[in-house]
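Residue-level structural notes
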Amino acid sequence: MKDIEYVKIFKKALLMTWHNKSMWFFGALIFLGSLITRINPNIKLLTKNANFLQQKVDSIQISNAAASFILITLIVIIIFVYCLKLVGTASIIKISNNLAVYGQMKIRTIFAEAINYIWRLFLVDLVIGVSFASIVISLFIPIAYLYVINSQLIAGMFFAFEMLLLLPLFILVFYIRRYAQIYTVLGEMKLGLSLESAYDLFRKNLKESLIMGIMIICSYFSIIFFSFIVALAVAVIIVPIGLILYIVLAGSAVSVSLVIGVILLIAVISALIFWFEAFIQTLWVLFFQQIALDKKKDKEEDEKLDIKGGLPSPEAV
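Residues numbered from 1 in each chain as written. Predicted model: local features only at pLDDT ≥ 70, side-chain atom pairs only at ≥ 80, totals over all residues. Heavy atoms only, no water.

A few points about the overall build of the protein chain
Each helix and strand in the protein chain was counted, giving eleven helices and zero strands. When the helices and strands of the protein chain are listed from N to C terminus, the series reads α-α-α-α-α-α-α-α-α-α-α. Within the protein chain, the fraction of its 317 residues that count as buried is 33%. The long-range share in the protein chain, meaning contacts at least 24 apart out of those at least 6 apart in sequence, stands at 80%. About 20,200 Å² of surface is accessible on the protein chain, with carbon and sulfur atoms providing 73% of the total. (Helix = DSSP H or I, 4+ residues; strand = E, 2+ residues; numbered from the N terminus. Buried < 20%, exposed > 50% of the residue type's maximum accessible area, 1.4 Å probe, protein only. Contact = heavy atoms within 4.5 Å. Areas by Shrake-Rupley, 256 points an atom, 1.4 Å probe, with all protein chains shown as cover.)

The following block contains the structure:
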């Protein structure tokens, strides 16, 4: 297997996503989907104010109905945005794999095609998520039992040991999910085959995958630093303007300039984040192409060698 051209992958992904703004749109879907699935309600605050709110409500039945309606609405919104995330993922996989074709398509055309992969990508997430959760629960049940019988020292030792086990398991789950998504979209594979192929690909490209993962983690730190520089640049532009408006006009003008600055900052940072989400997904697809293509070439070469080795020599005939 030839060496992976990591720098070339990053450069190609950068150029590809920077010059194709439609990928930013699908990057926005991925970001919003990832963001809303991480939002957890402040249960402690809700519980603290529950009695106070209940006293202000005249009808308990109405309040329960309203709470149920709000809860159902929130669940529907979360499911909807999560589906948009899957659409965004499938779309960027398609575009980055064949930019010559999908780069010319309209967003709604790509969106309509990517919808077909929602169920299959959901099954990938579901099976991997349930499997990982089941393993974690089964590992921590003995620890909970040890705490119940007041064996804190042994429980602590088991906890430290199981955390060491969970780290490689988490890494395995992360890569299998990434590769299975790409196999599902590009290879049109069913659930079982995509998971099996993803595991096989990760196992045979362990070192290369870990290196790519580390480089992508460094990319996250780089984008955070770059976002800080952008925010600082916007502040440098807006603050002098605000001071000039304060001197020439009035205090209300400062508020206007502040609002404009905040809106500008949010717009710039949002665009940067949306591009970055598309950039990261494109990196994984381009990296996948290299390791999967090399694997296919190696297999074809092995088959050719087997065929040549199996042919009888002319002398034998």
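Describing the nonpolar core
Of all hydrophobic cores here, the largest spans 59 residues; its most connected members are Tyr-179, Met-212, Phe-279, Leu-283, Trp-284 and Phe-287. Ranked by residues supplied to this core, first place goes to helix α11 (residues 251–310) with 14 residues. Excluding its chain neighbours within four sequence positions, the residues that come into contact with Leu-283 are Ile-9, Phe-10, Ala-13, Met-212 and Ile-216. (Core = buried A, V, L, I, M, F, W, Y, C linked by side-chain atoms within 4.5 Å.)

Concerning the pattern of salt bridges
A complete count under the given rule lists seven salt bridges for this structure. Between Lys-94 and Glu-188 there is a salt bridge, with the nearest N and O atoms lying 4.0 Å from each other. Of this pair, Lys-94 sits in helix α4 (residues 60–97) while Glu-188 sits in the loop between α8 (152–186) and α9 (191–204), and the two are 94 residues apart along the sequence. Between Asp-125 and Arg-177 there is a salt bridge, with the nearest N and O atoms lying 2.8 Å from each other. Taken together, the residues Asp-125 in helix α7 (residues 118–148) and Arg-177 in helix α8 connect sequence positions 52 residues apart. Assessed through its relative accessible area of 15%, Asp-125 is described here as buried. Shared partners join several salt bridges into a network, and the residues in it are Lys-94, Glu-113, Arg-120 and Glu-188. (Salt bridge = Lys/Arg side-chain N within 4 Å of Asp/Glu carboxyl O.)

Brief notes about α9
Note: α-helices contain 3.6 residues per turn, so residues at a spacing of three or four share the same orientation. Between its first and last C-alpha atoms α9 spans 20 Å; for 14 residues at 1.5 Å apiece the expected length is 20 Å, and the two agree. Of the positions making up α9, those classed as buried are Ser-194, Leu-195, Ser-197, Ala-198, Asp-200, Leu-201 and Phe-202. (Expected span 1.5 Å × (residues − 1).)

Concerning helix α1 (residues 6–18)
The terminal C-alpha atoms of α1 lie 18 Å apart, and with 13 residues this matches the ideal 18 Å at 1.5 Å per residue to within 8%. Buried residues of α1: Tyr-6, Ile-9, Phe-10, Ala-13, Met-16 and Thr-17, and no others. Along the axis of α1, the buried residues cluster in a sector spanning 135°; they form a single face. α1 presents Val-7, Lys-8 and Lys-11 as exposed residues on the side facing more than 90 degrees away from its buried surface. (Arc of directions from axis to C-beta.)

Considering the confidence of the model for the protein chain
Put simply, the protein chain has an average pLDDT of 81, and 79% of its residues get 70 or more. The least confident element of the protein chain is helix α3 (residues 43–55), whose mean pLDDT is 47; the most confident is α9, at 94. Overall, residues 300–317 carries pLDDT values under 50, and its contacts beyond four positions in sequence, including any with other chains, amount to zero contacts. (pLDDT = per-residue confidence, 0-100.)

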